[in-house]
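A structural walkthrough
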Amino acid sequence: MENILTKVLPQEGGLEGSRSSVYNGVIGVLGLLTLVGIAFGTHAFFAGHEHVYGVSREVPWGLMLGAYVFFVVTSTGLCLVSSIGHVFGYEAFKPIAKRSVYLAISTIIAGFLIIFFEIENPWRMAVYNIISPNLSSNIWWMGTLYGAYLFFMLIEFALLQAGKHKIAGMCGLLGVLSGVAAHSNLGAVFGLLNGREFWHGPYMPIYFITSAMMSGCATVIFFHWLGYKINGWKMSEQLQESLRSVAKLGALLYLVIMFFTTWKLISGISGHPPGKFEAIMALVNGPYAKNFWYGEIGLGLVIPFLIILAVRARNLTAMALGSLASIVGIFVMRYDLVIVGQIIPGFHEYNIVDLPHILPYAPTLHEWMVTLAGFAFCGILFMMGERLFRGHLSEDH
């Protein structure tokens, strides 16, 4: 079949000449940031996590766990959004398949890089996952299912590159099933902790899947727009129409997450449930209020939603900027989810002497650098994909 982009020619040779030098410079900077972050993470192994990370026995999960959740949520969302076209057959979503699947692989690898340094003995996880499986552990299922998810996504992408779309669709379906299972299980890691009232309940796995698709829509729009800017190409009408469809889906999902967030606040305030009420108030008007109102609500939901409505899903540059704001806000959303769920002491309602009302936590330099390494490495994979796979030129299925 005729390639969707055969009518579009690269400007000034794509990444050749001056573009190539800029490309190499960006790769160099991102590579340096990745190496520095890995060095900080390696130092943490020798110095001891308790000495260089800001986590404690009371707040055992910090910035790095939040960043890991951000990346795996985004990866699952990319998988689900891309599957609408090449797995379930909706024509409007087919042109985004290749780059979206590649981004799904890149983001989950970046998440694995961060969690590697977050876990004190990561090599034990790989070994004992196989030789001593604990089927009653949500963490065991999370590692196993995400491993299967990555395997299917790699096979799917290879088949897409080979033009074998029917078999790729079958592998894509397996990737969707394992991704949904892994991601809902990740929500269960939080939701089944009945000692953490902010997380506890059946709401969390459903919220994770829905917010994953919202993250996926924002990432698809921004990185497709950025990819074409990097390559110096003019986007085909088919791909523009596909991104408009993604934006419309994203607008719907922003509304759904607003609905979830509203009822999360109402359920946390009504009746003053112990533990949950204090956590909600820490978000609404406490130490995390700026994160919540400016990050989660403003950047993460309201601004991108209003931009899509204002331009009627037609101005790709405006939607890309809104999607970038959404990605930043979603990162803050994941950070708040992880941290705020831990900062209320378990026995706070008993007014124990010297027990703080809100437990302290602040990320350290080591945590910031390892997290930055994850973002930089994801950027390297994205840039390499644009060159190695010729901008992921989509084909008419």
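Residues numbered from 1 in each chain as written. Predicted model: local features only at pLDDT ≥ 70, side-chain atom pairs only at ≥ 80, totals over all residues. Heavy atoms only, no water.

Attention shifts here to the side chain of Ser-242. One can find Ser-242 in helix 9 (residues 237-269). Note on Ser-242: relative accessible area 1%, which makes it buried. Leaving out residues up to four positions away in the same chain, Ser-242 has contacts with Ala-92, Phe-93, Pro-95 and Ile-96. (Helix = DSSP H or I, 4+ residues; strand = E, 2+ residues; numbered from the N terminus. Buried < 20%, exposed > 50% of the residue type's maximum accessible area, 1.4 Å probe, protein only. Contact = heavy atoms within 4.5 Å.)

With respect to the element layout, Pro-345 can be found in the loop between helix 12 (316-340) and helix 13 (365-388). C-alpha of Pro-345 to C-alpha of Gly-62: the two residues are 283 residues apart in sequence and 16 Å apart in space.

Any segment with low pLDDT has predicted coordinates that should not be analysed in fine detail. With 92% of its residues at a pLDDT of 70 or more, the protein chain shows a mean pLDDT of 88. Contacts of residues 1-15 to residues separated by more than four positions or lying in other chains number 31 contacts, the stretch itself having pLDDT below 50. (pLDDT = per-residue confidence, 0-100.)

Attention now goes to helix 9. Compared with an ideal rise of 1.5 Å per residue, which puts 33 residues at 48 Å, helix 9 spans 48 Å between its outermost C-alpha atoms and is within 8% of the ideal. Directly beyond the C-terminal end of helix 9, a positive phi value near 80° is found at Gly-271. (Expected span 1.5 Å × (residues − 1).)

So, on to the layout of surface pockets. There is about 700 Å³ of room inside the largest pocket. In this structure, the largest pocket is lined by 29 residues; those nearest its centre are Ile-115, Ile-119, Met-125, Ile-139 and Met-142. Mapped by element, the contributors of at least two residues to the lining of the largest pocket are helix 3 (63-86), helix 4 (97-118), helix 5 (122-131), helix 6 (138-161) and helix 7 (165-191). By residue number, the principal contributor to the lining of the largest pocket is helix 6, which donates 8 residues. The class makeup of the residues in the lining of the largest pocket is 21 nonpolar, 6 polar and 2 charged. The computed volume of the second largest pocket comes to approximately 450 Å³. Elements that contribute at least two residues to the lining of the second largest pocket include exactly helix 1 (18-47), helix 3, helix 4, helix 8 (203-231), helix 12 and helix 13. (1 Å grid on protein atoms, 1.4 Å probe; cavity = no way out; pocket = protein on both sides within 12 Å on 5 of 7 lines; lining within 4 Å. Points joined across faces, edges and corners; volume = space filled by probe spheres on them. Nonpolar A, V, L, I, M, F, W, Y, C, P; charged D, E, K, R; others polar.)

Under the defined criterion, the tally for this structure stands at 5 salt bridges. Of the charged contacts, one joins Glu-91 and Lys-94 as a salt bridge, the two residues approaching to 2.9 Å between their closest N and O atoms. Between Arg-244 and Glu-237 there is a salt bridge, with its nearest N and O atoms 3.2 Å apart. Using a relative accessible area of 8% as the deciding quantity, one classes Arg-244 as buried. Put simply, Glu-237, Glu-241 and Arg-244 are held in one network by salt bridges that share partners. (Salt bridge = Lys/Arg side-chain N within 4 Å of Asp/Glu carboxyl O.)

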